[in-house]
Amino acid sequence: GEDVEQSLFLSVREGDSSVINCTYTDSSSTYLYWYKQEPGAGLQLLTYIFSNMDMKQDQRLTVLLNKKDKHLSLRIADTQTGDSAIYFCAETPNSSASKIIFGSGTRLSIRP
Amino acid sequence: AAGVIQSPRHLIKEKRETATLKCYPIPRHDTVYWYQQGPGQDPQFLISFYEKMQSDKGSIPDRFSAQQFSDYHSELNMSSLELGDSALYFCASSSQGQGSRNEQFFGPGTRLTVL
C-alpha cells in the first residue's frame, strides 16, 4: 500500500540543525522528495533522492535514505527563521508520469 | 523562469454552484497534475493528464471533471459544490522529456471557499 508518515511538529533553536523524519511503506518507490510549504504559499521542491542512493547533500540540506527500513530524513544545517514552514516528505511509486503521495507534513518552528 | 500559472487565485462559491479552475503549465511541459489540499491536510492527488490524455486518477469525486487542451493548459470543473470542497487546489506540471525523476513543479494554488 501507499502510505507516508511524518511527525507533525518540530521546534529547534535558530542556528541548530533540524532533522525531519519520514517513513514510507511502498518499497517500489523510485524517487523520494522533500517539499517546503510556507504559510499560504505553494509547494516548493527542495530536493529529491533516487531510491538507489543513500545520501544526497545540497548546501545546507542533507537527505538520508535507509531503504531497508523505508526511512527518509531531511537535515537542515544552521536553521534560520526563513526555514519556518511545513515540510512534506513525498514519494512517487514509479518513474513514469505519476502521482506524488505526500506525508502529513512536519511543521518546523524556529526559536530565537 | 516561467512557472505554473493558476487562475483564479481565490474563488468563493455557494453550495450547489459550479467552479472552473485553470492551470497553465510551464512551457514545453506535457503533463499536468491536480491536487487538493484541505485545511491542515497534505495534498491529495486528484487526476493527471499526459499529452491531453488522462494518465492517472486519484480520489477525484464524480462531480469533478478535468481535461487538458491542445495548448496543454488544463481545467478542473467542479459541479454541485459542497462545503467539504473548500480547499487549496494545486496544479503541477512536468516534462517527461526531463527523464524519469517525475519532477513536478507546483503552481501557487487556487483557494476555493464554498459557503
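The coordinates are above.
Cut-offs used in this document
Residues numbered from 1 in each chain as written. Chains lettered and ligands numbered in written order. Predicted model: local features only at pLDDT ≥ 70, side-chain atom pairs only at ≥ 80, totals over all residues. Heavy atoms only, no water. 1 Å grid on protein atoms, 1.4 Å probe; cavity = no way out; pocket = protein on both sides within 12 Å on 5 of 7 lines; lining within 4 Å. Points joined across faces, edges and corners; volume = space filled by probe spheres on them. Helix = DSSP H or I, 4+ residues; strand = E, 2+ residues; numbered from the N terminus. Nonpolar A, V, L, I, M, F, W, Y, C, P; charged D, E, K, R; others polar. Phe/Tyr/Trp six-rings, centres within 6.5 Å; stacked < 30°, edge-to-face > 60°. Buried < 20%, exposed > 50% of the residue type's maximum accessible area, 1.4 Å probe, protein only. Lys NZ or Arg CZ within 6 Å of the ring centre and 35° of its normal. Contact = heavy atoms within 4.5 Å. Salt bridge = Lys/Arg side-chain N within 4 Å of Asp/Glu carboxyl O. Polar contact = N/O pair within 3.5 Å; in protein donor to acceptor, adjacent residues only side chain to side chain. Pairing = 2+ DSSP bridges. Axes fitted to C-alpha atoms, helices over the stretch in contact; angles between N-to-C directions.

**Q** Account for the layout of surface pockets, with residues named and values stated.
**A** If you add up the space inside the largest pocket, you get close to 510 Å³. Along its surface, the largest pocket is lined by 27 residues, and Gln37, Ile86 and Arg107 of chain A together with Gln37 and Gly40 of chain B are the ones closest to its centre. Put simply, the parts of the chain that give the lining of the largest pocket at least two residues each are β9 (85–92) and β11 (106–111) of chain A together with β9 (87–94) and β11 (110–114) of chain B. Its residues assigned to classes, the lining of the largest pocket comprises 12 nonpolar, 12 polar and 3 charged.

**Q** Tell me about the packing of aromatic side chains, and please be specific about residues and values.
**A** Taken as a whole, this structure holds 11 aromatic pairs over all chains when the rule is applied. Here the aromatic rings of Phe88 of chain A and Phe102 of chain A are separated by 6.0 Å at their centres, their planes lie at 85°, and the arrangement is edge-to-face. Pair noted here: Phe88 of chain A is in strand β9 and Phe102 of chain A is in strand β10 (residues 101–102), with a separation of 14 residues, a long-range link. Note on Phe102 of chain A: relative accessible area 4%, which makes it buried. The rings of Tyr33, Tyr35, Phe88 and Phe102 of chain A together with Tyr35, Phe45, Phe90 and Phe106 of chain B are connected pair by pair, giving a single aromatic cluster. Just above the ring of Tyr48 of chain A sits the side chain of Lys56 of chain A; from NZ or CZ to the centre is 3.8 Å.

**Q** Which residues make up the interface of chain B and chain A, and what are the values?
**A** Interface size is often expressed as the accessible area that is lost when the parts come together. With 20 residues of chain B in contact, the opposing surface of chain A contributes 20 residues. Taken together, the connections running from chain B to chain A amount to 0 salt bridges. Counting across the chain B and chain A interface gives 3 residue pairs in polar contact (both at pLDDT 80 or more). Secondary structure elements with two or more residues in the side of chain B that touches chain A: β4 (31–37) and β9 of chain B. Ranked by residues supplied to the side of chain B that touches chain A, first place goes to β4 of chain B with 4 residues. Split by residue class, the side of chain B that touches chain A holds 8 nonpolar, 8 polar and 4 charged.

**Q** Account for the environment of Ile86 of chain A, naming residues and giving values.
**A** Residue and element names in this part refer to chain A. Structurally, the position occupied by Ile86 is in strand β9. Taking relative accessible area as the criterion, Ile86 reaches 18% and is therefore assigned buried. Look past the residues within four positions of Ile86 in its chain and what remains in contact with it is Tyr35, Lys36, Gln37, Gly105, Thr106 and Arg107.

**Q** Residues and numbers for the sheet that holds strand β3 (residues 18–24) of chain A, please.
**A** Residues and elements named next belong to chain A. What the 5 strands build is an open sheet, ordered β1-β3-β8-β7-β6; its pairing is antiparallel. Two strands close off the open sheet at either side, each with one partner strand: β1 (4–6) and β6 (55–58). Across the sheet, the mean angle from the axis of one strand to that of its neighbour is 15°, orientation sign disregarded. As judged from the 6 bridges shared by strand β7 (residues 61–66) and strand β8 (residues 71–76), these two strands associate in the antiparallel manner. Residue pairing across strands places Asn66 opposite His71, the latter belonging to β8.

**Q** Quick rundown of the pattern of salt bridges? Include the residues and the values.
**A** Using the criterion set out here, one finds 6 salt bridges over all chains in the structure. The partner of Lys36 of chain A in a salt bridge is Glu38 of chain A, with the nearest N and O atoms 4.0 Å apart. The residue Arg63 of chain B makes a salt bridge to Asp85 of chain B at a minimum N-O spacing of 2.9 Å. With a gap of 22 residues between them, Arg63 of chain B in the loop between β6 (53–57) and β7 (64–68) and Asp85 of chain B in the loop between β8 (74–78) and β9 connect regions that are remote in the sequence.

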